[in-house]
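One letter stands for each residue in the lines below.
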Amino acid sequence: MNTLLTVQSLTKQYGREKVVKDVSFSLMKNTSTALIGPNGAGKTTTLSMLTGLVNPTFGDIILKENKEDARRMIGFLPQYPKFFSWLSAIEFTEMTAKLSGVDARVAVKESEKILDFVGLGNVKKKKTGTFSGGMKQRLGLAQAIVHNPSLLLLDEPVSALDPVGRREILNLLKELQERTTILYSTHILNDAEEMTDQLLFLRNGELVEQGSLSDVREKYANPMIKIIFSLEEEAKVFASSSPWNVKQEGSSVCIPIRENEPRMQEILAYASLGDWTVQRIEKASANLEEIFMQVVNKQ
């Protein structure tokens, strides 16, 4: 795959405070990258520098195509998109298409096509001031992609949506990934786990971990044995009497299996002795939320 964007030593400083510190990464064409971090980690500032809305204090942003007019290749959806309430959805989308360099004669056709794509075709003539939060998020996505950008930057694209709306937007983004490159910030880790080729972890403005989902999983996997009991009380009894350092989660117990830790045979033998009902025993590893906590808390 070809590199679309390279970021080198990106830094943003306000007064004496550095809110983004020496961040470097690359994006490959037609991939999806999740920018993950707690509030205040520098995610929005990083995206704002990539769009050109905020000038970096130091560092380089290198786009591999359309160097004459880099902004035409970028689509951006801010976390809280704003609209002119007196404009209809089609009028707003046409306007943003023209501002992004789409020929006026093509803007109408492209706007109608994109509004159909995001599920707003049947309300394209309604004023945006009457739209619900979910409809505004769809319209925000429409204006970000109406000019067919090579790079799509999304700041918390599904954080304000209900589960149904989140699922619909994620499905749209999966379709878009087939023809564009996506970088999105999120704190909804299940979404990042579902739709990402690369993870970038920010903490206090620093990029503290990056890599593919499989590589990050392997590094922070913490392999374990998970025992699922019929009752939560049974899991409590097992956890309190177990000779190993275990973690109880409801009606299940997780036992680490690192070096010098118990092996499956030992666990099976011990589990068969107690006065409890074991539904199943399986191998497991840390999920993305647990990995996130490890990364942001590491020294």
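Right above here is the structure, for reference.
So, how was this worked out
Every chain begins its residue count from 1, and numbering advances along the sequence as written. This being a predicted model, a pLDDT of at least 70 is required before a residue's local features are given, and a value of 80 or more before pairs of side-chain atoms are given or counted; all residues contribute to the totals for chains, interfaces and linings. Side-chain figures throughout are based on the complete set of non-hydrogen atoms in the structure, without hydrogens or water. Helix numbers and strand numbers start at the N terminus; a helix is a DSSP run of H or I with at least 4 residues, a strand a run of E with at least 2. Strands pair, by our definition, only if DSSP identifies at least two bridges between them. Axes here mean lines fitted to C-alpha atoms, for a helix over just the part in contact, with angles spanning 0 to 180 degrees between N-to-C directions. Two aromatic rings from Phe, Tyr or Trp, using only the six-membered ring of Trp, form a pair when their centres are within 6.5 Å; if the ring planes differ by under 30 degrees the pair is stacked, by over 60 it is edge-to-face, and anything between is tilted. Exposure is judged per residue with a 1.4 Å probe applied to protein chains only, and the accessible area is read against the type maximum: over 50% gives exposed, under 20% gives buried, and values in between give partly exposed. By definition, being over a ring means that NZ of Lys or CZ of Arg is both within 6 Å of the ring centre and within 35 degrees of the ring normal. Contact criterion: two residues are considered in contact whenever any of their non-hydrogen atoms come within 4.5 Å of each other. Put simply, angles under 35 degrees are roughly parallel, angles over 145 are roughly antiparallel, angles from 65 to 115 are roughly perpendicular, and the rest are oblique. By convention, the crossing between two helices is left-handed when the near helix turns anticlockwise from the far helix through less than a right angle, and right-handed when the turn is clockwise. Basically, the charged four are Asp, Glu, Lys and Arg, the nonpolar ten are Ala, Val, Leu, Ile, Met, Phe, Trp, Tyr, Cys and Pro, and anything else, Gly included, counts as polar.

Let's talk about the environment of Tyr 220
Working step 1: Relative to the elements of secondary structure, Tyr 220 occurs in the loop between α7 (213-219) and β10 (224-229).
Working step 2: Separated by 74 residues in sequence, Tyr 220 and Gln 294 place their C-alpha atoms 7.7 Å apart.

Things to note about the sheet that holds strand β2 (residues 17-28)
Working step 1: Taken together, the 3 strands give an open sheet; going across it, the order is β2-β1-β4, and neighbouring strands pair in antiparallel fashion. Here the strands that pair on one side only, and so sit at the sheet edges, are β2 and β4 (58-63). Strand-to-strand twist across the sheet, computed as the mean angle between neighbouring axes with direction ignored, equals 10°.
Working step 2: With 5 bridges joining them, strand β1 (residues 3-14) and β4 adopt antiparallel strand pairing. Paired with Val 7 across the strands is Ile 61, a residue of β4.

Topic: the packing of aromatic side chains
What characterises a pair of aromatic rings is the spacing of the ring centres plus the angle enclosed by the ring planes.
Working step 1: Applying the stated rule across the entire model yields 8 aromatic pairs.
Working step 2: Judged by centre distance (5.2 Å) and plane angle (65°), the rings of Phe 238 and Trp 276 are edge-to-face. In this pair, Phe 238 is assigned in helix α8 (residues 232-241) and Trp 276 in the loop between α9 (264-271) and β13 (278-284), connecting sequence segments 38 residues apart.
Working step 3: Here Phe 238 falls in the buried class, since its relative accessible area comes to 0%.
Working step 4: Three or more aromatic residues joined by ring pairs make a cluster, and in this case those are Phe 229, Phe 238, Trp 244, Tyr 270 and Trp 276.
Working step 5: Above the face of the Tyr 14 ring, Lys 12 is positioned so that its terminal group lies 5.0 Å from the ring centre.
Working step 6: The cationic tip of Arg 179 hangs over the ring face of Phe 117; the distance from NZ or CZ to the ring centre is 5.4 Å.

Considerations on the environment of Leu 141
Working step 1: Along the polypeptide, Leu 141 turns up in helix α4 (residues 133-145).
Working step 2: Of the residues examined, Leu 141 reaches a relative accessible area of 2% and is grouped as buried.
Working step 3: C-alpha separation for the pair Leu 141 and Pro 81, spaced 60 residues apart in sequence, amounts to 9.3 Å.
Working step 4: Contacts of Leu 141, omitting those with residues within four sequence positions, involve Leu 77, Val 118, Leu 152, Leu 154, Ile 169, Leu 172, Leu 173 and Leu 176.

Considering the environment of Leu 53
Working step 1: Along the chain, Leu 53 turns up in the loop between α1 (43-51) and β4.
Working step 2: Residues Leu 53 and Val 20, spaced 33 residues apart in sequence, show a C-alpha to C-alpha distance of 15 Å.
Working step 3: Not counting chain neighbours up to four residues away, the residues in contact with Leu 53 comprise Ser 48 and Phe 76.

Considerations on the packing of α4 against helix α5 (residues 163-176)
Working step 1: As a packed pair, α4 and α5 sit with axes 11 Å apart at the nearest point and diverge in direction by 15°. Comparing their axes, α5 and α4 come out roughly parallel. Handedness of the α4/α5 crossing: right-handed. On the side of α4, the interface is formed by Arg 138, Leu 141 and Ile 145, while α5 contributes Glu 168, Ile 169, Leu 172, Leu 173 and Leu 176.
Working step 2: Along the lines of polarity and charge, the residues of the contact of α4 with α5 split into 6 nonpolar, no polar and 2 charged.

A word on the sheet that holds strand β9 (residues 206-211)
Hydrogen bonds along the backbone pair up the strands of a sheet, which may run parallel or antiparallel.
Working step 1: Spatial ordering of the open sheet is given by β5-β6-β7-β3-β8-β9, a layout of 6 strands whose pairing is mixed. Edge positions in the sheet fall to β5 (74-77) and β9, since each has one partner strand and no second. Averaged over all pairs of adjacent strands, the angle between their axes in this sheet comes to 15°, without regard to strand direction.
Working step 2: Taken together, the 4 bridges between β5 and strand β6 (residues 151-155) define a ladder with parallel strand orientation. Considered in β6, the bridge of Gly 75 is made with Leu 152.
Working step 3: This element, α1, spans β3 (32-36), β5, β6, β7 (181-186) and β8 (198-203) of the sheet and lies at about 150° to β6.

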